[in-house]
Amino acid sequence: GYALPIPLFQYLVRDPGGWRVDRDGIKVALSTVIDIERPAVLYISSNHFTDVNTELVDELRMDPRNLMSAVDGPLDPGEYFGHRVVPWTLVDRGAPVSLLRETLIRSVAEELIALPAFAQERVVGVSILGEVHQLFPGFGTGQESGNSIWEGTDHSDASRMAFQDWLARTFGTVSALNTTCATDFGSFGAVSIPCRNGFGTPLRAPHLHWGPGAAGTVPIAGWFTGPFDGRYRYEIYCDGSYLGEAEPGLSRTDVTDELPMLNSANVGFRFTLRTDSLSGGLHEVEVRVVVGACQVASALRRIRIVSEGSFHVELEDAQGASDFANEPDLGQGHLDEPEAGSAFSCNPLAVLWQDFRSQVVREFLEETATTLMHAGVPKEIIFCHQPAATLSGILGGQHLAVDQSLERNSHYLPGVTLYGGSGFGEAFFRMKRRLGWGPYAVTEMHPCRILGDDTFSTAMDRHWSAGAVYLSPYFLPVSGDPTPGGLDRFRLDPANDQMGSNAFYRAIAKTMQDG
(Lines give C-alpha, C1' and ligand atoms only; values in the text may rest on other atoms or scores of the structure.)
Protein backbone atom coordinates (compact mmCIF):
# COMPACT_ATOMS: atom_id res chain seq x y z
CA GLY A 1 0.00 0.00 0.00
CA TYR A 2 0.91 3.66 0.13
CA ALA A 3 0.19 6.88 2.00
CA LEU A 4 -1.43 9.73 0.09
CA PRO A 5 -0.75 13.13 1.71
CA ILE A 6 -3.66 15.59 1.72
CA PRO A 7 -2.23 18.87 3.13
CA LEU A 8 -5.47 20.81 3.59
CA PHE A 9 -4.20 24.37 3.14
CA GLN A 10 -2.85 23.41 -0.29
CA TYR A 11 -6.46 23.24 -1.48
CA LEU A 12 -7.37 26.84 -0.80
CA VAL A 13 -6.92 29.31 -3.66
CA ARG A 14 -7.47 33.04 -3.74
CA ASP A 15 -9.89 34.64 -6.14
CA PRO A 16 -11.45 38.14 -6.19
CA GLY A 17 -13.99 37.08 -3.57
CA GLY A 18 -11.41 35.73 -1.15
CA TRP A 19 -10.24 32.20 -0.39
CA ARG A 20 -12.17 29.28 -1.90
CA VAL A 21 -11.77 25.51 -1.81
CA ASP A 22 -9.99 24.04 -4.83
CA ARG A 23 -12.33 21.11 -5.40
CA ASP A 24 -10.62 20.24 -8.67
CA GLY A 25 -7.29 19.96 -6.88
CA ILE A 26 -8.80 17.60 -4.30
CA LYS A 27 -10.28 15.48 -7.10
CA VAL A 28 -6.90 15.25 -8.82
CA ALA A 29 -5.25 14.12 -5.57
CA LEU A 30 -7.92 11.48 -4.90
CA SER A 31 -7.79 10.21 -8.49
CA THR A 32 -4.62 8.44 -7.40
CA VAL A 33 -6.83 6.03 -5.49
CA ILE A 34 -8.71 5.25 -8.70
CA ASP A 35 -5.57 4.80 -10.79
CA ILE A 36 -3.45 2.67 -8.43
CA GLU A 37 -4.71 -0.79 -7.48
CA ARG A 38 -3.23 -0.83 -3.99
CA PRO A 39 -4.53 -0.13 -0.47
CA ALA A 40 -4.23 3.55 0.44
CA VAL A 41 -4.16 5.63 3.59
CA LEU A 42 -5.14 9.29 3.29
CA TYR A 43 -2.96 11.47 5.50
CA ILE A 44 -5.09 14.57 6.03
CA SER A 45 -2.71 17.08 7.58
CA SER A 46 -3.46 20.44 9.14
CA ASN A 47 -1.68 20.71 12.48
CA HIS A 48 1.08 23.05 13.65
CA PHE A 49 3.45 21.94 10.86
CA THR A 50 2.56 24.30 8.02
CA ASP A 51 4.71 24.05 4.88
CA VAL A 52 2.17 24.82 2.12
CA ASN A 53 0.31 27.93 0.93
CA THR A 54 2.54 30.45 2.70
CA GLU A 55 0.37 33.36 1.51
CA LEU A 56 -2.65 31.93 3.35
CA VAL A 57 -0.61 31.01 6.41
CA ASP A 58 0.91 34.48 6.68
CA GLU A 59 -2.53 36.04 6.39
CA LEU A 60 -4.06 33.80 9.05
CA ARG A 61 -1.16 34.42 11.43
CA MET A 62 -1.99 38.11 11.49
CA ASP A 63 -5.23 37.39 13.36
CA PRO A 64 -4.51 36.51 17.04
CA ARG A 65 -7.79 34.58 17.24
CA ASN A 66 -6.18 31.90 15.08
CA LEU A 67 -3.27 31.29 17.43
CA MET A 68 -2.51 29.77 20.80
CA SER A 69 -0.86 32.06 23.30
CA ALA A 70 1.94 31.62 25.81
CA VAL A 71 1.83 33.13 29.28
CA ASP A 72 3.28 36.47 28.17
CA GLY A 73 1.62 36.75 24.78
CA PRO A 74 2.16 35.30 21.29
CA LEU A 75 3.76 31.87 21.30
CA ASP A 76 6.96 31.25 19.33
CA PRO A 77 7.43 27.47 19.09
CA GLY A 78 10.41 27.85 16.73
CA GLU A 79 11.19 25.53 13.83
CA TYR A 80 11.17 21.76 14.07
CA PHE A 81 13.62 19.93 11.79
CA GLY A 82 13.44 22.89 9.44
CA HIS A 83 9.63 22.94 9.32
CA ARG A 84 7.78 26.07 10.32
CA VAL A 85 5.62 25.57 13.40
CA VAL A 86 2.46 27.68 13.68
CA PRO A 87 0.46 27.32 16.93
CA TRP A 88 -3.06 27.21 15.48
CA THR A 89 -5.80 27.41 18.08
CA LEU A 90 -7.40 24.16 19.20
CA VAL A 91 -10.06 25.69 21.42
CA ASP A 92 -11.63 28.52 19.36
CA ARG A 93 -13.98 26.75 16.95
CA GLY A 94 -15.15 30.10 15.54
CA ALA A 95 -11.69 31.36 14.60
CA PRO A 96 -11.14 31.85 10.85
CA VAL A 97 -8.53 29.08 10.71
CA SER A 98 -10.93 26.67 12.42
CA LEU A 99 -13.76 27.47 10.03
CA LEU A 100 -11.50 27.10 6.99
CA ARG A 101 -10.15 23.79 8.26
CA GLU A 102 -13.65 22.41 8.85
CA THR A 103 -14.73 23.43 5.35
CA LEU A 104 -11.68 21.74 3.84
CA ILE A 105 -12.18 18.52 5.82
CA ARG A 106 -15.81 18.36 4.73
CA SER A 107 -14.79 18.97 1.10
CA VAL A 108 -12.20 16.19 1.17
CA ALA A 109 -14.70 13.82 2.76
CA GLU A 110 -17.38 14.61 0.19
CA GLU A 111 -14.97 14.03 -2.70
CA LEU A 112 -13.81 10.78 -1.12
CA ILE A 113 -17.38 9.52 -0.82
CA ALA A 114 -18.01 10.54 -4.44
CA LEU A 115 -15.31 8.14 -5.67
CA PRO A 116 -16.42 4.90 -7.34
CA ALA A 117 -17.18 2.15 -4.84
CA PHE A 118 -14.14 0.09 -5.90
CA ALA A 119 -11.86 3.08 -5.16
CA GLN A 120 -13.45 3.78 -1.80
CA GLU A 121 -12.82 0.16 -0.80
CA ARG A 122 -9.09 0.69 -1.39
CA VAL A 123 -8.94 3.37 1.34
CA VAL A 124 -8.10 1.43 4.49
CA GLY A 125 -7.40 4.47 6.64
CA VAL A 126 -7.93 8.21 6.94
CA SER A 127 -5.39 9.76 9.29
CA ILE A 128 -6.25 13.02 11.12
CA LEU A 129 -4.58 15.61 11.25
CA GLY A 130 -0.96 14.90 12.02
CA GLU A 131 0.18 15.08 15.64
CA VAL A 132 -2.19 17.33 17.60
CA HIS A 133 -1.16 18.53 21.05
CA GLN A 134 -0.45 21.51 23.23
CA LEU A 135 2.72 23.50 22.55
CA PHE A 136 5.29 25.47 24.53
CA PRO A 137 7.97 28.09 23.84
CA GLY A 138 10.97 26.52 22.17
CA PHE A 139 9.05 23.41 21.09
CA GLY A 140 11.25 23.22 18.01
CA THR A 141 14.38 22.70 20.10
CA GLY A 142 12.95 19.66 21.83
CA GLN A 143 11.97 18.72 25.35
CA GLU A 144 15.34 19.78 26.73
CA SER A 145 14.16 23.40 26.82
CA GLY A 146 13.87 23.44 30.61
CA ASN A 147 11.05 25.21 32.40
CA SER A 148 9.70 26.65 29.16
CA ILE A 149 7.60 23.50 28.88
CA TRP A 150 5.65 24.82 31.88
CA GLU A 151 4.87 28.02 30.00
CA GLY A 152 2.83 26.05 27.49
CA THR A 153 -0.48 26.64 25.81
CA ASP A 154 -3.01 27.89 25.81
CA HIS A 155 -3.28 31.25 27.60
CA SER A 156 -5.37 33.06 24.99
CA ASP A 157 -8.61 34.78 25.95
CA ALA A 158 -10.59 32.05 24.16
CA SER A 159 -8.81 29.35 26.17
CA ARG A 160 -9.29 31.18 29.47
CA MET A 161 -13.03 31.60 28.85
CA ALA A 162 -13.36 27.97 27.72
CA PHE A 163 -11.60 26.85 30.92
CA GLN A 164 -13.97 28.96 33.01
CA ASP A 165 -17.00 27.51 31.19
CA TRP A 166 -15.65 23.98 31.68
CA LEU A 167 -15.22 24.61 35.41
CA ALA A 168 -18.78 25.93 35.61
CA ARG A 169 -20.12 22.78 33.93
CA THR A 170 -17.94 20.56 36.10
CA PHE A 171 -18.70 22.14 39.52
CA GLY A 172 -22.04 23.86 39.03
CA THR A 173 -21.35 26.49 41.70
CA VAL A 174 -18.28 28.58 42.37
CA SER A 175 -18.46 27.64 46.04
CA ALA A 176 -17.93 23.99 45.09
CA LEU A 177 -14.87 25.00 43.07
CA ASN A 178 -13.55 27.08 45.97
CA THR A 179 -13.98 24.17 48.35
CA THR A 180 -12.03 21.84 46.05
CA CYS A 181 -9.24 24.30 45.25
CA ALA A 182 -9.03 26.25 48.56
CA THR A 183 -9.69 29.48 46.63
CA ASP A 184 -12.05 32.41 47.10
CA PHE A 185 -13.22 33.23 43.57
CA GLY A 186 -16.33 35.38 43.44
CA SER A 187 -17.40 33.89 40.10
CA PHE A 188 -16.18 31.48 37.46
CA GLY A 189 -15.31 34.50 35.34
CA ALA A 190 -12.72 35.50 37.94
CA VAL A 191 -10.71 32.27 37.57
CA SER A 192 -7.20 32.70 36.17
CA ILE A 193 -5.15 30.02 34.44
CA PRO A 194 -2.24 28.58 36.48
CA CYS A 195 0.81 30.02 34.75
CA ARG A 196 4.02 30.34 36.82
CA ASN A 197 6.32 28.14 38.84
CA GLY A 198 5.98 29.46 42.37
CA PHE A 199 9.47 28.22 43.23
CA GLY A 200 11.56 31.13 42.03
CA THR A 201 8.75 33.31 40.63
CA PRO A 202 6.66 35.61 42.86
CA LEU A 203 2.95 34.83 42.54
CA ARG A 204 0.08 37.16 43.38
CA ALA A 205 -1.98 34.12 44.41
CA PRO A 206 -1.10 30.44 45.17
CA HIS A 207 -3.62 29.12 42.65
CA LEU A 208 -1.44 30.48 39.82
CA HIS A 209 1.30 27.92 40.55
CA TRP A 210 2.09 25.76 37.51
CA GLY A 211 5.24 23.71 37.26
CA PRO A 212 6.69 20.29 38.09
CA GLY A 213 4.42 18.58 40.60
CA ALA A 214 1.73 21.26 40.46
CA ALA A 215 -0.76 18.87 38.81
CA GLY A 216 -0.33 16.37 41.62
CA THR A 217 2.26 14.02 40.12
CA VAL A 218 6.04 13.81 39.91
CA PRO A 219 7.92 11.39 37.65
CA ILE A 220 10.51 9.02 39.07
CA ALA A 221 12.45 8.22 35.93
CA GLY A 222 15.82 7.13 34.68
CA TRP A 223 17.58 4.34 32.85
CA PHE A 224 19.45 1.16 33.63
CA THR A 225 21.15 -1.41 31.44
CA GLY A 226 23.39 -4.42 31.85
CA PRO A 227 23.73 -8.17 31.45
CA PHE A 228 20.14 -8.73 32.66
CA ASP A 229 18.38 -6.42 30.18
CA GLY A 230 14.75 -7.44 29.88
CA ARG A 231 14.76 -8.89 33.40
CA TYR A 232 15.35 -5.79 35.50
CA ARG A 233 12.46 -4.63 37.68
CA TYR A 234 12.32 -1.23 39.38
CA GLU A 235 10.76 -1.17 42.84
CA ILE A 236 9.79 2.27 44.12
CA TYR A 237 9.85 3.18 47.80
CA CYS A 238 8.95 6.39 49.63
CA ASP A 239 10.20 6.76 53.19
CA GLY A 240 10.81 3.02 53.21
CA SER A 241 7.27 2.08 52.14
CA TYR A 242 6.82 0.13 48.93
CA LEU A 243 4.70 2.00 46.35
CA GLY A 244 4.89 -0.26 43.31
CA GLU A 245 7.01 -0.97 40.25
CA ALA A 246 8.05 1.50 37.60
CA GLU A 247 7.14 0.97 33.95
CA PRO A 248 10.21 -0.67 32.36
CA GLY A 249 11.43 -0.88 28.79
CA LEU A 250 10.84 2.77 27.80
CA SER A 251 12.70 4.24 24.84
CA ARG A 252 15.85 6.24 25.67
CA THR A 253 17.58 7.01 22.38
CA ASP A 254 19.53 9.74 24.19
CA VAL A 255 21.26 6.95 26.14
CA THR A 256 22.05 4.88 23.07
CA ASP A 257 23.44 8.03 21.40
CA GLU A 258 26.01 8.14 24.21
CA LEU A 259 26.39 4.34 24.50
CA PRO A 260 26.03 3.08 20.91
CA MET A 261 27.20 -0.40 21.90
CA LEU A 262 23.85 -1.07 23.62
CA ASN A 263 21.64 -3.63 21.90
CA SER A 264 18.39 -1.80 22.68
CA ALA A 265 17.17 1.72 23.37
CA ASN A 266 14.46 0.36 25.68
CA VAL A 267 16.43 0.91 28.89
CA GLY A 268 14.25 3.61 30.47
CA PHE A 269 11.85 3.36 33.40
CA ARG A 270 9.21 5.69 34.83
CA PHE A 271 6.91 5.75 37.83
CA THR A 272 4.30 8.40 38.59
CA LEU A 273 4.48 9.54 42.21
CA ARG A 274 1.29 11.19 43.47
CA THR A 275 2.44 14.16 45.53
CA ASP A 276 -1.09 15.08 46.61
CA SER A 277 -1.04 12.03 48.88
CA LEU A 278 2.22 12.98 50.64
CA SER A 279 2.40 15.07 53.79
CA GLY A 280 4.41 18.26 53.87
CA GLY A 281 8.12 18.01 54.62
CA LEU A 282 11.10 15.93 53.50
CA HIS A 283 10.66 12.55 51.87
CA GLU A 284 13.13 9.93 50.66
CA VAL A 285 12.40 8.37 47.29
CA GLU A 286 14.33 5.20 46.46
CA VAL A 287 14.55 3.10 43.31
CA ARG A 288 15.71 -0.48 43.83
CA VAL A 289 16.78 -2.41 40.74
CA VAL A 290 15.88 -6.06 41.16
CA VAL A 291 16.55 -9.22 39.18
CA GLY A 292 14.51 -12.14 40.47
CA ALA A 293 14.75 -11.90 44.26
CA CYS A 294 18.11 -10.08 44.24
CA GLN A 295 18.66 -6.34 44.47
CA VAL A 296 21.48 -5.30 42.15
CA ALA A 297 21.44 -1.49 42.48
CA SER A 298 19.62 1.40 44.13
CA ALA A 299 19.36 5.18 43.88
CA LEU A 300 18.01 7.69 46.38
CA ARG A 301 16.61 11.21 46.20
CA ARG A 302 15.33 13.53 48.90
CA ILE A 303 12.46 15.79 47.92
CA ARG A 304 10.39 18.33 49.84
CA ILE A 305 6.63 18.55 49.65
CA VAL A 306 5.32 21.96 50.67
CA SER A 307 1.80 23.07 51.41
CA GLU A 308 -0.06 25.21 48.89
CA GLY A 309 1.39 28.68 48.70
CA SER A 310 4.51 27.97 50.80
CA PHE A 311 6.98 28.56 48.00
CA HIS A 312 9.58 30.48 50.00
CA VAL A 313 11.41 27.44 51.34
CA GLU A 314 15.06 26.63 51.64
CA LEU A 315 15.61 24.08 48.89
CA GLU A 316 17.60 21.04 49.91
CA ASP A 317 21.07 20.43 48.57
CA ALA A 318 22.14 17.09 47.13
CA GLN A 319 23.18 15.73 50.53
CA GLY A 320 21.88 12.22 51.02
CA ALA A 321 21.29 11.64 47.31
CA SER A 322 22.86 8.61 45.67
CA ASP A 323 22.86 7.13 42.22
CA PHE A 324 23.19 3.64 40.82
CA ALA A 325 26.64 2.14 41.30
CA ASN A 326 27.90 1.31 37.83
CA GLU A 327 29.20 -2.25 38.06
CA PRO A 328 29.75 -4.12 34.77
CA ASP A 329 28.61 -7.45 36.23
CA LEU A 330 25.33 -5.95 37.49
CA GLY A 331 24.55 -2.96 35.28
CA GLN A 332 24.79 0.80 34.96
CA GLY A 333 22.30 3.63 34.89
CA HIS A 334 21.17 6.97 36.21
CA LEU A 335 18.15 8.31 38.10
CA ASP A 336 17.24 11.46 36.14
CA GLU A 337 14.10 12.54 37.97
CA PRO A 338 13.42 13.92 40.48
CA GLU A 339 16.51 16.06 40.84
CA ALA A 340 18.14 15.99 44.25
CA GLY A 341 16.78 18.67 46.55
CA SER A 342 13.66 19.38 44.49
CA ALA A 343 10.57 20.87 46.09
CA PHE A 344 7.01 20.30 44.88
CA SER A 345 3.64 21.78 45.70
CA CYS A 346 0.32 20.42 44.43
CA ASN A 347 -2.12 23.07 43.19
CA PRO A 348 -5.68 21.68 42.87
CA LEU A 349 -6.53 24.24 40.19
CA ALA A 350 -3.48 23.07 38.20
CA VAL A 351 -4.81 19.50 38.36
CA LEU A 352 -8.02 20.76 36.74
CA TRP A 353 -6.12 22.88 34.21
CA GLN A 354 -4.11 19.85 33.07
CA ASP A 355 -7.29 17.80 32.70
CA PHE A 356 -8.84 20.59 30.64
CA ARG A 357 -5.77 20.89 28.36
CA SER A 358 -5.94 17.19 27.58
CA GLN A 359 -9.69 17.37 26.96
CA VAL A 360 -9.19 20.21 24.46
CA VAL A 361 -6.88 18.02 22.39
CA ARG A 362 -9.28 15.07 22.47
CA GLU A 363 -12.34 17.14 21.58
CA PHE A 364 -10.53 18.81 18.69
CA LEU A 365 -9.85 15.40 17.15
CA GLU A 366 -13.35 14.16 17.93
CA GLU A 367 -14.92 17.11 16.13
CA THR A 368 -12.67 16.53 13.12
CA ALA A 369 -13.74 12.88 13.01
CA THR A 370 -17.40 13.91 13.38
CA THR A 371 -17.11 16.17 10.33
CA LEU A 372 -15.76 13.23 8.32
CA MET A 373 -18.47 10.86 9.56
CA HIS A 374 -21.27 13.31 8.83
CA ALA A 375 -20.04 13.40 5.22
CA GLY A 376 -20.21 9.60 5.07
CA VAL A 377 -16.69 8.42 5.98
CA PRO A 378 -17.04 5.34 8.23
CA LYS A 379 -15.55 5.58 11.72
CA GLU A 380 -13.81 2.22 11.16
CA ILE A 381 -11.22 3.85 8.87
CA ILE A 382 -10.65 7.11 10.79
CA PHE A 383 -7.45 7.14 12.87
CA CYS A 384 -5.79 9.78 14.99
CA HIS A 385 -2.06 10.39 14.54
CA GLN A 386 -0.76 11.03 18.05
CA PRO A 387 2.57 10.83 19.85
CA ALA A 388 2.72 8.16 22.56
CA ALA A 389 4.47 10.38 25.08
CA THR A 390 4.32 7.88 27.92
CA LEU A 391 6.49 5.42 25.94
CA SER A 392 9.43 7.79 26.08
CA GLY A 393 11.59 7.67 29.18
CA ILE A 394 12.48 11.36 28.82
CA LEU A 395 9.30 12.88 27.40
CA GLY A 396 6.59 12.02 29.92
CA GLY A 397 3.99 14.00 28.05
CA GLN A 398 2.26 16.19 30.62
CA HIS A 399 3.17 19.31 28.65
CA LEU A 400 1.79 17.84 25.38
CA ALA A 401 -1.50 16.78 27.03
CA VAL A 402 -2.30 13.89 24.68
CA ASP A 403 -3.44 11.32 27.28
CA GLN A 404 -7.18 11.58 26.67
CA SER A 405 -6.80 11.60 22.88
CA LEU A 406 -5.27 8.10 23.00
CA GLU A 407 -8.10 6.61 25.03
CA ARG A 408 -10.79 4.57 23.29
CA ASN A 409 -13.69 6.68 22.06
CA SER A 410 -16.65 6.53 19.71
CA HIS A 411 -15.27 8.96 17.11
CA TYR A 412 -11.99 7.52 15.80
CA LEU A 413 -9.55 4.63 16.19
CA PRO A 414 -6.15 5.06 17.83
CA GLY A 415 -3.14 5.89 15.69
CA VAL A 416 0.27 6.42 17.22
CA THR A 417 3.76 7.54 16.18
CA LEU A 418 6.53 5.21 17.37
CA TYR A 419 10.12 6.42 17.26
CA GLY A 420 13.21 4.87 18.78
CA GLY A 421 12.66 1.74 20.80
CA SER A 422 8.96 2.37 21.40
CA GLY A 423 7.98 0.48 18.24
CA PHE A 424 10.10 -2.55 19.06
CA GLY A 425 9.55 -3.39 22.72
CA GLU A 426 6.98 -4.55 25.24
CA ALA A 427 6.02 -1.09 26.55
CA PHE A 428 3.78 -0.32 23.56
CA PHE A 429 1.84 -3.57 23.85
CA ARG A 430 1.36 -3.04 27.58
CA MET A 431 -0.04 0.42 26.82
CA LYS A 432 -2.33 -1.04 24.15
CA ARG A 433 -3.73 -3.57 26.60
CA ARG A 434 -4.09 -0.99 29.37
CA LEU A 435 -6.08 1.35 27.10
CA GLY A 436 -8.22 -1.48 25.72
CA TRP A 437 -7.36 -0.84 22.08
CA GLY A 438 -8.67 -3.08 19.34
CA PRO A 439 -7.61 -2.19 15.78
CA TYR A 440 -5.00 0.57 15.64
CA ALA A 441 -2.50 2.20 13.29
CA VAL A 442 1.20 2.96 13.52
CA THR A 443 1.11 6.32 11.78
CA GLU A 444 4.88 6.91 11.82
CA MET A 445 7.71 4.56 12.75
CA HIS A 446 11.51 4.73 12.72
CA PRO A 447 14.06 2.96 14.97
CA CYS A 448 16.44 5.97 15.22
CA ARG A 449 19.34 3.53 15.58
CA ILE A 450 20.87 0.40 14.10
CA LEU A 451 19.00 -2.81 14.93
CA GLY A 452 19.24 -6.29 13.53
CA ASP A 453 17.08 -7.15 10.53
CA ASP A 454 15.31 -9.84 12.54
CA THR A 455 14.36 -7.30 15.23
CA PHE A 456 12.58 -5.16 12.63
CA SER A 457 10.78 -8.07 10.99
CA THR A 458 9.67 -9.54 14.31
CA ALA A 459 8.31 -6.17 15.44
CA MET A 460 6.32 -5.65 12.25
CA ASP A 461 4.90 -9.16 12.41
CA ARG A 462 3.88 -8.57 16.01
CA HIS A 463 2.10 -5.32 15.15
CA TRP A 464 0.11 -7.11 12.43
CA SER A 465 -0.82 -9.85 14.89
CA ALA A 466 -1.81 -7.30 17.55
CA GLY A 467 -4.33 -5.60 15.25
CA ALA A 468 -2.40 -2.91 13.37
CA VAL A 469 -4.47 -1.97 10.31
CA TYR A 470 -1.50 -0.21 8.74
CA LEU A 471 2.08 0.65 9.63
CA SER A 472 3.69 3.69 8.03
CA PRO A 473 7.52 3.74 8.10
CA TYR A 474 9.03 7.20 8.16
CA PHE A 475 9.94 7.86 5.48
CA LEU A 476 10.13 6.29 2.03
CA PRO A 477 10.90 9.04 -0.51
CA VAL A 478 9.34 9.27 -3.94
CA SER A 479 12.11 11.57 -5.18
CA GLY A 480 15.81 12.02 -4.58
CA ASP A 481 15.43 15.64 -3.48
CA PRO A 482 17.03 16.45 -0.11
CA THR A 483 14.72 17.17 2.80
CA PRO A 484 15.10 20.11 5.20
CA GLY A 485 16.36 20.19 8.75
CA GLY A 486 18.36 16.98 8.81
CA LEU A 487 15.40 14.74 8.02
CA ASP A 488 17.47 12.84 5.46
CA ARG A 489 18.75 10.81 8.42
CA PHE A 490 15.30 9.16 8.48
CA ARG A 491 15.23 8.45 4.74
CA LEU A 492 14.63 4.72 4.28
CA ASP A 493 17.09 3.79 1.59
CA PRO A 494 19.48 0.84 1.20
CA ALA A 495 22.34 3.34 0.85
CA ASN A 496 21.49 5.37 3.97
CA ASP A 497 23.43 4.01 6.95
CA GLN A 498 22.28 6.74 9.33
CA MET A 499 20.15 5.78 12.35
CA GLY A 500 19.56 2.25 11.08
CA SER A 501 17.57 3.48 8.08
CA ASN A 502 19.08 0.98 5.62
CA ALA A 503 18.43 -2.00 7.91
CA PHE A 504 14.83 -0.87 8.41
CA TYR A 505 14.46 -0.61 4.62
CA ARG A 506 15.73 -4.18 4.18
CA ALA A 507 13.33 -5.48 6.83
CA ILE A 508 10.38 -3.76 5.15
CA ALA A 509 11.33 -5.28 1.80
CA LYS A 510 11.66 -8.72 3.36
CA THR A 511 8.29 -8.44 5.11
CA MET A 512 6.59 -7.47 1.84
CA GLN A 513 8.31 -10.27 -0.07
CA ASP A 514 7.34 -12.83 2.55
CA GLY A 515 3.72 -11.69 2.37
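Keep in mind the model is a prediction, meaning the values are calculated, not measured.

Calculation criteria
Residues numbered from 1 in each chain as written. Predicted model: local features only at pLDDT ≥ 70, side-chain atom pairs only at ≥ 80, totals over all residues. Heavy atoms only, no water. Helix = DSSP H or I, 4+ residues; strand = E, 2+ residues; numbered from the N terminus. Rg over C-alpha atoms; globule rule 2.2 N^0.38 Å. Lys, Arg positive; Asp, Glu negative; His and termini not counted. Charge placed at Lys NZ, Arg CZ, Asp CG, Glu CD. Buried < 20%, exposed > 50% of the residue type's maximum accessible area, 1.4 Å probe, protein only. Contact = heavy atoms within 4.5 Å. Salt bridge = Lys/Arg side-chain N within 4 Å of Asp/Glu carboxyl O. Core = buried A, V, L, I, M, F, W, Y, C linked by side-chain atoms within 4.5 Å. Phe/Tyr/Trp six-rings, centres within 6.5 Å; stacked < 30°, edge-to-face > 60°. Lys NZ or Arg CZ within 6 Å of the ring centre and 35° of its normal. Axes fitted to C-alpha atoms, helices over the stretch in contact; angles between N-to-C directions. Parallel < 35°, antiparallel > 145°, perpendicular 65-115°, else oblique. Nonpolar A, V, L, I, M, F, W, Y, C, P; charged D, E, K, R; others polar. Pairing = 2+ DSSP bridges.

1. Observations concerning the overall build of the chain
When helices and strands are tallied, the chain shows 11 helices and 23 strands. Relative to the 2.2 N^0.38 estimate, which gives 24 Å for 515 residues, the radius of gyration of the chain is 24 Å and therefore close to what a compact globule would have. Taken together, the 39 basic and 63 acidic charged side chains of the chain have centroids lying 4 Å from each other.

2. Considering the side chain of Q404
Relative to the assigned elements, Q404 resides in the loop between β20 (386–387) and β21 (415–419). Given the relative accessible area of 10%, Q404 is considered buried. Not counting residues up to four positions away in its chain, the partners in contact with Q404 are D355, S358, Q359 and R362.

3. Focus: the pattern of salt bridges
Going through the model one piece at a time under the given rule, you end up with 26 salt bridges. Linking R196 and D72 is a salt bridge whose minimum nitrogen-to-oxygen distance equals 2.5 Å. Of this pair, R196 sits in the loop between α6 (174–181) and β10 (217–225) while D72 sits in the loop between β5 (69–70) and β6 (73–74), and the two are 124 residues apart along the sequence. For R196, a relative accessible area of 25% corresponds to the partly exposed category. The partner of E363 in a salt bridge is R362, and the shortest N-O contact between them spans 3.9 Å. It is possible to trace a salt-bridge network through shared partners that takes in R14, E55 and E59.

4. As for the nonpolar core
Counting residues in hydrophobic clusters, the biggest one holds 82 residues, and the most contacted among them are I6, V33, V126, F163, L167, L177 and L372. Sorting elements by how many residues they give to this core places helix α8 (residues 348–374) first, with 11 residues. For L372, the contacting residues outside a window of four places in its chain are I44, I105, A109, V126, I128, V377 and I382. Counting 26 residues, the second-largest nonpolar core is a separate cluster that includes F429, V442, M445 and A468.

5. Quick look at the packing of aromatic side chains
One pass over the full model with this rule turns up 28 aromatic pairs. With a centroid separation of 5.8 Å and an interplanar angle of 80°, the aromatic rings of F136 and F139 are classed as edge-to-face. Like F139, F136 is buried. Taken together, the ring pairs in this structure connect F224, F228, Y232, Y234, F269 and F324 into an aromatic cluster. Positioned above the aromatic ring of Y237, the side-chain terminus of R288 is 3.7 Å from the ring centre. Residue placement shows R462 over the ring face of F429; its charged tip is 4.0 Å from the ring centre.

6. Considering the environment of D493
Topologically, D493 is positioned in the loop between β23 (468–473) and α11 (501–514). Each C-alpha atom, one on D493 and one on R506, is 8.5 Å from the other, the two residues being 13 residues apart in sequence. If we skip the residues at most four places from it in the chain, D493 touches S501, N502 and Y505.

7. Quick look at the packing of helix α9 (residues 426–435) against helix α10 (residues 453–466)
Two numbers describe how α9 lies on α10: the axes approach to 12 Å, and their chain directions differ by 5°. Here α9 is positioned roughly parallel relative to α10, judged by the angle of their axes. Contact residues: E426, F428, F429 and K432 in α9; R462, H463 and A466 in α10. Split into classes, the residues belonging to the contact of α9 with α10 amount to 3 nonpolar, 1 polar and 3 charged.

8. As for the sheet that holds strand β4 (residues 40–45)
One open sheet accounts for 4 strands, arranged β1-β4-β9-β19; its pairing is parallel. Pairing within the sheet leaves two strands with one partner each, and these edge strands are β1 (2–7) and β19 (382–384). Direction aside, neighbouring strands of the sheet carry axes that sit 25° apart on average. Looking at chain direction, β4 and strand β9 (residues 123–129) are connected through 6 bridges and run parallel. Bridge pairing links V41 to G125 in β9. Along the sheet face, helix α1 (residues 23–35) touches β1, β4 and β9 and points at about 170° away from the line of β1.

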